[in-house]
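Below, each chain spelled out in residue letters.
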Amino acid sequence: MDDQDGVVAGAYCNRQISYHMRKFCWVVCLWCCWNAATAQPVREKLRAAVEKLQNDSQMKHAILGLSVWNSLTGEKVIEVNAQTGLAPASVQKTITSAAALEMLGPDYRYQTILGYDGSIEKGTLHGNLYIIGGGDPSLGSWRFDSTGGEQVLNGWLHVLRQNNILRITGDIIGHNGKWEGETLPGGWIWDDIGNYYGAGSSALNWHENQYDLILRSGNTIGDSVVITGTKPRLFGIQLESKLVSAAKGSGDNAYIYLPPLAERGVVRGTIPVDEKAFTISGSFPDPSRQLLAALHQKLDSVAASPARHWVSWARELPTLKTLQAYRSPALDSLNYFFMKRSINLYGEVFLKTIAYEKTGYGAMDKGLELVREFWKDRGIEPAALRMSDGSGLSPQNRVTADALVKVLQYARGRPWFRYYYDALPVFNQMKLKSGTIGGAKSFAGYHTAKDGTMYTVAIIVNNYDGSASGIVKKMYSLLDELK
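Residues take numbers from 1 onward in each chain, read along the sequence in its written order. Only residues with pLDDT of at least 70 are given local features in this predicted model, and only at 80 or more are side-chain atom pairs given and counted; all residues enter the totals for whole chains, interfaces and linings. Values reported for side chains reflect all heavy atoms of the structure, with hydrogen atoms and water molecules removed beforehand.

Focus: the sheet that holds strand β5 (residues 124-126)
So the rule is basically this: One bridge is not enough; two strands pair if DSSP finds at least two bridges between them. Helix numbers and strand numbers start at the N terminus; a helix is a DSSP run of H or I with at least 4 residues, a strand a run of E with at least 2.
Ordered in space as β4-β5-β7, the three strands form an open sheet in which the pairing is mixed. What marks the edges here is a single partner per strand, and that holds for β4 (119-121) and β7 (167-168). Of the pairings in the sheet, the one linking β4 to β5 comprises three bridges and is antiparallel in character. By the bridge assignment for β5, E121 is matched with T124.

Okay, structure coming up:
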């Protein structure tokens, strides 16, 4: 090719580039015009739906927080009281979940160490057996094939036999010293503590720190209700039933009152008449003790016969020999159940784990501080995240709708987003985390409309009147405008 040919070719290329650039600009312009044209009707529909909801009788003394963004462009479609801190209930889990996936990583696994001191001679451990907790919330859980209580206990028994430990002269010692002794976050209420959703967290957790209480009611309204058993067995706990029988179909109105580390509790409220095996779920007052008692029972059944079992909160450990490092499922799997099944325990564990990994000690207050700092560095003011716990159970929590959407938007750009998104339940044919506590109802998540527009949304209602199901239907009607 000579110079003249090169000039002609260059001019041709420049014309082609100019043509394609003009074409691209037209496409972008048309897309923007189309987006603006479609966004406007949605915005107007949402405003009308907001006005209708706010004028509803259930909302006379209530407040609505709403934030809707275009997920791709970051455009704010509508905001209502989006900067007002409201009780978020379980949608707060979206905040804890995203922070845990980023700060710990989706592949993070908890370790529970089985070890011993002393010596092993002729099948006898002349010393103590230690279970050293690392905070695993799935230890003994029924949700995974590898974590069930019998699988874990039998696995430890197998390890002992492999190491020729057939008898133990010392104690079984559960070590909780990597974490603080306070198992409950501040702000949890008495009606929640003692019930399965009010389970505390420690370095040694067991069976998701909950049990089933089996009840038998009378044949007549007002009859006493009898406790017939628990699953799994409660060790060293006495529960007194002050329950009475109520009308058939009245449902579960029973509450367990059993504080942390207590040995006695009471059950109050009502269950329906003519129930032979009515089940409610409670929380272990001391999950570590339950684990050690279950292991002790297992060892007794094979004549290993340790002297006793007890829990240590000492920060320091003696020099130990490790028998096994039991590992939990990966964090992405734990997070799936945290979000999908709304397990409060997991959220409190995640916060203490963040504190432990960053400071060497699992304390709730430090975990909350680190999470607030994490989000502050990503543009969310601490006052928009007044968090008392990781699960949203405390009525003292105050979170803004704007902060929730910012968290959800941040998650969209992270490598672990598919785990986060998959863990969200489906409500109203949308991927939403829901939240419910007394007088508060909330949803936060994502939705793709029929026209392909992707939305990120958070809606909170506090202090509504009437039924939760009634306000939910009205919130769904508002969200339907995004479909």
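Looking at the nonpolar core
This is how it is decided: The criterion is simple. A nonpolar core is a set of buried Ala, Val, Leu, Ile, Met, Phe, Trp, Tyr and Cys residues joined through side-chain atoms within 4.5 Å. Accessibility here uses a 1.4 Å probe with only protein chains present; expressed as a share of the type maximum, an area under 20% marks a residue as buried, one over 50% as exposed, and anything in between as partly exposed. Residue contacts are counted whenever heavy atoms from the two residues lie within 4.5 Å of one another.
Core analysis: the largest hydrophobic core is formed by 55 residues, its most contacted members being I95, Y346, F350, W375, L385 and Y420. The leading source of residues in this core is helix α8 (residues 401-412), at eight residues. In this structure F350 touches T96, A100, L104, Y110, L331, L334, N335 and F338, once residues within four positions along its chain are discounted. Core analysis: the second largest hydrophobic core is formed by 44 residues, V152, L215, L239 and A262 among them.

Let's talk about the sheet that holds strand β10 (residues 226-231)
Whether parallel or antiparallel, the strands of a sheet pair through hydrogen bonds between backbone atoms. To keep it simple, the criterion reads: Comment: axis = line fitted to C-alpha atoms, over the contacting stretch for helices; angle = value between 0 and 180 degrees taken between N-to-C directions.
One open sheet holds the three strands; their spatial order is β10-β9-β14, and the pairing between them is antiparallel. The open sheet has two edge strands with one neighbour each: β10 and β14 (278-283). Averaged over all pairs of adjacent strands, the angle between their axes in this sheet comes to 30 degrees, without regard to strand direction. As paired strands, strand β9 (residues 210-216) and β10 are joined by five bridges and run antiparallel to one another. The residue of β10 that forms the bridge with R216 is V226.

Brief notes about the pattern of salt bridges
Here the idea is simple: oppositely charged side chains can pair when their charged atoms come close. So the rule is basically this: Between Lys or Arg on one side and Asp or Glu on the other, a salt bridge is scored when a side-chain nitrogen of the former is within 4 Å of a carboxyl oxygen of the latter.
Summed over the entire model, instances satisfying the criterion amount to 14 salt bridges. Two residues, E102 and R414, come together in a salt bridge whose shortest N-O distance is 3.0 Å. With E102 in helix α2 (residues 93-103) and R414 in the loop between α8 and α9 (417-423), this pair connects stretches of sequence that are 312 residues apart. Residue classification places E102 among the partly exposed positions, given a relative accessible area of 24%. By relative accessible area, which is 28% here, R414 ends up partly exposed. Close ionic contact of R308 with D171 constitutes a salt bridge, the shortest N to O distance being 2.9 Å. With a gap of 137 residues between them, R308 in the loop between α4 (287-301) and β15 (309-312) and D171 in the loop between β7 and β8 (172-175) connect regions that are remote in the sequence.

Side note on the pairing of β8
Of the two faces of β8, the one carrying I172 and G174 and the one carrying I173 and H175 are both buried. Where strand β6 (residues 129-132) lies against β8, four bridges are found, and the strand directions are parallel. Residue pairing for β8: I131 is matched across the bridge by G174. When β8 meets β15, the two strands line up parallel, connected through four bridges. Along β15, the bridge assignment pairs I173 with W310.

Quick look at the layout of surface pockets
Just so we agree on the cut-off: Only protein atoms enter the 1 Å grid used here. Points where a 1.4 Å probe fits but cannot escape make up a cavity, open sets with protein on both sides within 12 Å along at least five of seven lines make up a pocket, and a residue lines them when an atom lies within 4 Å of a point. Grid points are joined across faces, edges and corners, and a volume is the space filled by probe spheres set on the points. Each residue is assigned to one class: nonpolar for Ala, Val, Leu, Ile, Met, Phe, Trp, Tyr, Cys and Pro, charged for Asp, Glu, Lys and Arg, and polar for all the others, Gly among them.
One number sums up the size of the largest pocket: a volume of about 480 Å³. Together, 23 residues line the largest pocket, and N195, Y196, Y197, G198 and S281 are the ones closest to its centre. Listed by contribution, the elements that provide at least two residues to the lining of the largest pocket are β12 (253-257), β14 and α6 (344-359). Residue composition of the lining of the largest pocket, by class: nine nonpolar, eight polar and six charged.

Regarding the confidence of the model for the protein chain
Using the following cut-off: pLDDT measures the predictor's confidence residue by residue and takes values from 0 up to 100.
Confidence in the prediction for the protein chain averages 93 pLDDT; 92% of positions are at 70 or higher. For the stretch residues 27-34, pLDDT sits under 50, and the model shows three contacts to residues farther than four places along the chain or on other chains.

Overview of unusual backbone geometry
Omega for the bond connecting K231 with P232 falls within 30 degrees of zero, at -10 degrees, which places this linkage in the cis form. The residue P232 is located in the loop between β10 and β11 (238-246) in this model. If you check the backbone angles, H207 has positive phi at about 55 degrees while not being a glycine. For H207, the location among the structural elements is in the loop between β8 and β9. The residue S342 is not glycine, and still its phi comes out positive at about 55 degrees. Checked against the element boundaries, S342 lands in the loop between α5 (331-340) and α6.

Notes on the packing of helix α3 (residues 149-162) against α4
Keep this limit in mind: With respect to orientation, any angle under 35 degrees is reported as roughly parallel, any angle over 145 as roughly antiparallel, any angle of 65 to 115 as roughly perpendicular, and every other angle as oblique. Here a crossing is taken to be left-handed if its near helix is turned anticlockwise relative to the far helix by less than a right angle, and right-handed if that turn runs clockwise.
Where α3 meets α4, the axes come as close as 10 Å, and the angle between the chain directions of the two elements is 55 degrees. The angle between the axes of α3 and α4 places the two elements in the oblique class. In this structure, α3 crosses over α4, and the sense of that crossing is right-handed. When α3 is examined against α4, the residues E150, L153, N154, W156, L157 and L160 are found in contact with a partner set consisting of L291, A294, L295, K298 and L299. Each residue belonging to the contact of α3 with α4 can be placed in one class, and the counts come to eight nonpolar, one polar and two charged.

Quick look at the environment of D451
Here is the rule we go by: Two N or O atoms form a polar contact when they lie within 3.5 Å of each other; inside protein one atom must be a possible hydrogen donor and the other a possible acceptor, and for residues adjacent in sequence the pair counts only when both atoms belong to side chains.
Mapping D451 onto the fold places it in the loop between β21 (440-448) and β22 (454-462). Among the residues examined, D451 registers a relative accessible area of 37% and is labelled partly exposed. As for D451 and K483, which are separated by 32 residues in sequence, their C-alpha atoms are 8.4 Å apart. Looking at D451, its side chain comes within polar contact range of the main-chain nitrogen of T453, at 2.9 Å.

Section: the packing of aromatic side chains
The description of an aromatic ring pair uses the distance of the two centres, along with the angle that the planes make with each other. For clarity, the threshold we go by: Any Phe, Tyr or Trp ring, taking Trp's six-membered ring, that has another such ring centre within 6.5 Å forms a pair; planes under 30 degrees apart are called stacked, those over 60 apart edge-to-face, and the others tilted. Think of it as a cone above the ring: NZ of Lys or CZ of Arg counts as a charge over the ring if it is within 6 Å of the ring centre and within 35 degrees of the ring normal.
Inspection of every chain in the model, using the stated rule, returns 18 aromatic pairs. Arranged with centres 5.2 Å apart and planes meeting at 85 degrees, the rings of F144 and F337 form a pair that is edge-to-face. Placement of F144 in the loop between β6 and α3 and of F337 in helix α5 is noted, with a sequence separation of 193 residues between them. With centroids separated by 5.4 Å and ring planes inclined at 40 degrees, the aromatic side chains of W190 and Y257 adopt a geometry described as tilted. Placement of the pair is W190 in the loop between β8 and β9 and Y257 in strand β12, with a sequence separation of 67 residues. Using a relative accessible area of 13% as the deciding quantity, one classes Y257 as buried. One aromatic cluster in this structure is built from W416, F417, Y420, Y421 and Y446. Taking the ring centre of Y361 as reference, the NZ or CZ of R315 above it sits at 3.9 Å. Taking the ring centre of Y421 as reference, the NZ or CZ of K431 above it sits at 5.1 Å.

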